[in-house]
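Observations on the three-dimensional arrangement
What follows is the residue order along each chain.
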Number of protein chains: 2
Amino acid sequence: MAATLHVCITCKAGEPVPEGAVAPGALLHAALVAGDAPEGVRIVPVECLSACSQGCSVALSGAGKWSYVYGRLTQDDAADVLAGAAAYAATSDGIVPWRERPVIFRKQSLARIPPLEG
Amino acid sequence: MAATLHVCITCKAGEPVPEGAVAPGALLHAALVAGDAPEGVRIVPVECLSACSQGCSVALSGAGKWSYVYGRLTQDDAADVLAGAAAYAATSDGIVPWRERPVIFRKQSLARIPPLEG
């Protein structure tokens, strides 16, 4: 079982980013890559998850699994995002029992999408 | 090429639904099913897309395509949703040129997720 964690690296979290400064999305991506990558989780940068008003955002997906998008994240959430991604990767359908989800995943879900059929 | 249009039928659009009344999400689903189903688009009801604060919501997905979630919809948007779903189904990657998207798809995107790889 495996999962892909897409991280929006262009996210400005709804704020202007001063010239030369690193976008909040890129900071979150860097913090995630610098953390302990959970087994089976691939971290992939992406330009825009179309959740700009709720940035920074990440998406979890995997073959045969429900996909989830979470928002209103910062680099300080990296450890919790990795823990949630690990729990997600370990499922067959993407549905982690509610109590085993990090609080940010319980409270900051933007959307979920059922798996593709057949 | 094809697409699945998932419609949240439990959505209450953030409002209490009086006993015996039909949930706004179910009304949207009914309006979509009653419309002219675009070629290649399968309409599938689903319980909760976890976008409850931005309901009613629908998701478009298809093999090899970006997935999209749209919110703040009502049954009056059914024709536009079907037109947008038709344009989506006709693409190979899910990315419809901006000007060819219905206005509700341009303005009410909640999130998008890259396609699964290989």
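- The name given to chain A in an unreviewed UniProt entry is Metal-binding protein, with Paragemmobacter aquarius as the source organism.

**Some points on helix H1 (residues 24–34) of chain A**
All names here are of chain A.
- Within H1, burial applies to Gly 25, Leu 28, His 29 and Leu 32. The arc enclosing the buried residues of H1, seen along the axis, measures out at 100 degrees, which places them on a common side.
- Each element contacted by the buried residues of H1 is listed here: strand S1 (3–8), strand S2 (41–46), strand S3 (58–61) and helix H2 (78–89).

**A word on the relation of the copies chain A and chain B**
- Under the fitted operation, chain A is carried onto chain B by 0.0 Å of movement along the axis and a turn of 180 degrees, and the coordinates agree to an RMSD of 0.0 Å. Such values leave the two copies arranged in the relation of a two-fold axis.
- A share of 100% of interface residues in chain A that are also interface residues in chain B marks the association as one of identical surfaces.

**What about the interface of chain A and chain B?**
- Residue-level contacts link 24 residues of chain A with 24 residues of chain B.
- Of the roughly 1900 Å² buried between chain A and chain B, counting both surfaces, carbon and sulfur atoms make up 60%.
- A per-residue breakdown of the area chain A buries against chain B is headed by Arg 112, Ile 113 and Leu 116 of chain A, which together make up 29% of the total.
- Viewed at the interface, chain B and chain A are joined by 8 residue pairs in polar contact (both at pLDDT 80 or more).
- Of all the elements in the fold, those that place two or more residues in the side of chain A that touches chain B are S2, S3, strand S4 (67–70) and strand S5 (109–113) of chain A.
- Here the element with the most residues in the side of chain A that touches chain B is S5 of chain A; it accounts for 5 residues.

**Some details on the nonpolar core**
- In this structure, Leu 32 and Val 58 of chain A together with Leu 5, Leu 32 and Val 58 of chain B are the most contacted members of the largest nonpolar core, which totals 65 residues.
- Excluding anything up to four places from it in sequence, Val 58 of chain A contacts Leu 5, His 6, Val 7, Leu 28, Leu 32, Leu 49, Tyr 68, Val 69, Tyr 70, Leu 73 and Val 81 of chain A.

**Considerations on unusual backbone geometry**
- Cis geometry is adopted by the peptide bond preceding Cys 56 of chain A, which originates at Gly 55 of chain A and carries an omega value of 0 degrees.
- Relative to the helices and strands, Cys 56 of chain A resides in the loop between S2 and S3.
- If you check the backbone angles, Cys 48 of chain B has positive phi at about 75 degrees while not being a glycine.
- Of note, Cys 48 of chain B is situated in the loop between strand S2 (41–46) and strand S3 (58–61).

**Digging into the packing of aromatic side chains**
All names here are of chain B.
- Here the structure, examined in full by the defined rule, presents 6 aromatic pairs over all chains.
- Between the aromatic rings of Tyr 70 and Phe 105, the centroid separation amounts to 3.8 Å while the plane-to-plane angle is 5 degrees, which identifies the pairing as stacked. You can see Tyr 70 sitting in strand S4 (residues 67–70) and its partner Phe 105 sitting in helix H3 (residues 103–107), a full 35 residues away along the chain. There is no split in this pair, since Tyr 70 and Phe 105 are both buried.

Scoring rules and cut-offs
- Residues numbered from 1 in each chain as written.
- Chains lettered and ligands numbered in written order.
- Predicted model: local features only at pLDDT ≥ 70, side-chain atom pairs only at ≥ 80, totals over all residues.
- Heavy atoms only, no water.
- Buried < 20%, exposed > 50% of the residue type's maximum accessible area, 1.4 Å probe, protein only.
- Helix = DSSP H or I, 4+ residues; strand = E, 2+ residues; numbered from the N terminus.
- Arc of directions from axis to C-beta.
- Contact = heavy atoms within 4.5 Å.
- Least-squares fit on C-alpha atoms with pLDDT ≥ 70 in both.
- Buried area = accessible area lost by both parts, 1.4 Å probe.
- Polar contact = N/O pair within 3.5 Å; in protein donor to acceptor, adjacent residues only side chain to side chain.
- Core = buried A, V, L, I, M, F, W, Y, C linked by side-chain atoms within 4.5 Å.
- Phe/Tyr/Trp six-rings, centres within 6.5 Å; stacked < 30°, edge-to-face > 60°.

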